[in-house]
Structure formats: C-alpha cells, structure tokens
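# Architecture and fold: a report
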Amino acid sequence: MDLITGTYDCKVDAKGRLMMPAAIKKQLSAILQDGFVLRRSVFQKCLELYPIGEWQGLMKKMNKLNKFKKKNNDFIRRFTAGAKMVEVDVNGRLLIPKDLTVFADISKNIVVASAINIIEIWDKDLYEQAIDDATVDFADLAEEVMGQDDDDNGVS
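Residues numbered from 1 in each chain as written. Predicted model: local features only at pLDDT ≥ 70, side-chain atom pairs only at ≥ 80, totals over all residues. Heavy atoms only, no water.

Across its full length, the protein chain carries 6 helices and 8 strands. Structurally, the protein chain occupies a C-alpha span of about 50 × 40 × 30 Å along its principal axes. Counting only residues that meet the buried cut, the protein chain has 33% of its 156 residues in that class. Roughly 10200 Å² of accessible area belongs to the protein chain as shown, and the carbon and sulfur atoms make up 54% of that amount. Here the protein chain contributes 22 positive and 25 negative side-chain charges, whose respective centroids are spaced 12 Å apart. (Helix = DSSP H or I, 4+ residues; strand = E, 2+ residues; numbered from the N terminus. Buried < 20%, exposed > 50% of the residue type's maximum accessible area, 1.4 Å probe, protein only. Areas by Shrake-Rupley, 256 points an atom, 1.4 Å probe, with all protein chains shown as cover. Lys, Arg positive; Asp, Glu negative; His and termini not counted. Charge placed at Lys NZ, Arg CZ, Asp CG, Glu CD.)

See the structure below:
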C-alpha cells in the first residue's frame, strides 16, 4: 500500500456520515472497495481508519504475541476494543459508529488527517488543540525522533 498524504477539513452529517475527501478517495482508489477498520486511538482522543490490508498486517503481528501472558491478552483486548469494520458507500460516505463518535467527541466539524499508512479522524477543535499543544516542543521531538545520525534508526 502506498502512503497516504493530506489533511482535510470535513463535516459529519446528522447520521454520523463523513464524506471522504476526493483526494483521499483518489489515493485509496485501488483498495476503497476492500473496506476499512475504524478504531479508537491509543494515544489521542481521535479515531484511526485502517485500510483492511494494513489492519490484517497489524493483526498478524499481534497474533504472534504469547497469549499465555496476561499483559499480552490485556493489550490485545484494549487495542481491539471498539474496532469496527466500515465501508465507504457508493456516494463516498463513511458511517462513523455512534460509540466511536462519542469516544472521539466528534461533532459536525472534523479533520481527516493522514498518518503515513492510516487516516486519523478528529473533532476539529481537538485536532487544533493537539497541534497547538505539540508546537512548543516539536523541534526537540523532531530532533530526537528523526535527527539521529549514529545508528540506522535516524533519517538524516
């Protein structure tokens, strides 16, 4: 799967349907009909939309965890809690299940943001707050994560 790029302001209708941005639909056109998994984010109050192939790859990795260890079972249960199979309908809309809408405090105005190989769906106000909160220390974070030059993990 190719990487997904872009951040888009969108609206959710009264039934909880999101009209997928045309640029996202174009990027996902080869796999759009395969479906997606929508789940709660681990670190933020947003939702994560996984193309089914990405989700299956992640589940294969998780399936290798030793299920005779309680912490692994707890992790799997928490990670998959609330996950739902979703599809983009013929009109290009994605229905966000009510429980996930409540989890992410999604109102009418939302942000659909790429996160490399998945898509995050945020309430617009929460997204702006998360970006503003991260601005203060982003330079330090960027240097720490991406600026390593003494091993193979750094990009520079």
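After that view, the rundown keeps rolling.
What follows concerns the pairing of strand S8 (residues 118-123). Burial within S8 is extensive, with 6 of its 6 residues counted as buried. The two faces of S8 match: Ile-118, Glu-120 and Trp-122 on one face and Ile-119, Ile-121 and Asp-123 on the other face are all buried. Count of turn residues in the strand S7 (residues 109-115)/S8 antiparallel hairpin: 2 residues, of which Ile-116 carries a positive phi of about 70°. (Pairing = 2+ DSSP bridges.)

Before going further, it helps to spend a moment on the pairing of strand S3 (residues 36-40). Of all 5 residues in S3, 4 are buried, a share of seventy percent or more. Both S3 and strand S4 (residues 47-51) contribute to a ladder of 5 bridges, which runs antiparallel. Its bridge partner being in S4, Phe-36 is matched across the sheet by Pro-51. Relative to strand S5 (residues 84-86), S3 runs antiparallel, the two sharing 3 bridges. Directly across from Phe-36, in S5, lies its bridge partner Val-86.

Of all hydrophobic cores here, the largest spans 23 residues; its most connected members are Leu-18, Leu-94, Ile-96, Ile-119 and Ile-121. Setting aside anything within four residues of it in sequence, one finds Ile-119 in contact with Ile-4, Met-20, Ile-24, Leu-28, Leu-47, Glu-48, Leu-49, Val-112 and Ala-113. (Core = buried A, V, L, I, M, F, W, Y, C linked by side-chain atoms within 4.5 Å. Contact = heavy atoms within 4.5 Å.)

For the structure on display, the rule yields 4 aromatic pairs. With centroids separated by 6.0 Å and ring planes inclined at 15°, the aromatic side chains of Trp-55 and Phe-79 adopt a geometry described as stacked. Within this pair, whereas Trp-55 is found in helix H2 (residues 52-63), its partner Phe-79 is found in helix H3 (residues 70-80), the two being separated by 24 residues in sequence. Put simply, the rings of Tyr-50, Trp-55, Phe-75 and Phe-79 touch in pairs and so form one group of aromatic residues. Over the face of the ring belonging to Phe-103 we find Lys-45, whose NZ or CZ atom lies 5.7 Å from the ring centre. (Phe/Tyr/Trp six-rings, centres within 6.5 Å; stacked < 30°, edge-to-face > 60°. Lys NZ or Arg CZ within 6 Å of the ring centre and 35° of its normal.)

What follows concerns the sheet that holds S4. Strand order in this open sheet of 6 strands is S1-S7-S8-S4-S3-S5, and the pairing throughout is antiparallel. Here the strands that pair on one side only, and so sit at the sheet edges, are strand S1 (7-11) and S5. Across the sheet, the axes of successive neighbouring strands diverge by a mean angle of 30°, strand direction being ignored. In the sheet, S7 pairs with S8 via 6 bridges, with the strands oriented antiparallel. Bridge assignment links Ala-113 to a residue of S8, and that residue is Glu-120. Sheet strands in contact with H2 are S3, S4 and S5, and its direction is about 95° off that of S4. (Axes fitted to C-alpha atoms, helices over the stretch in contact; angles between N-to-C directions.)

These figures capture arrangement, not role.
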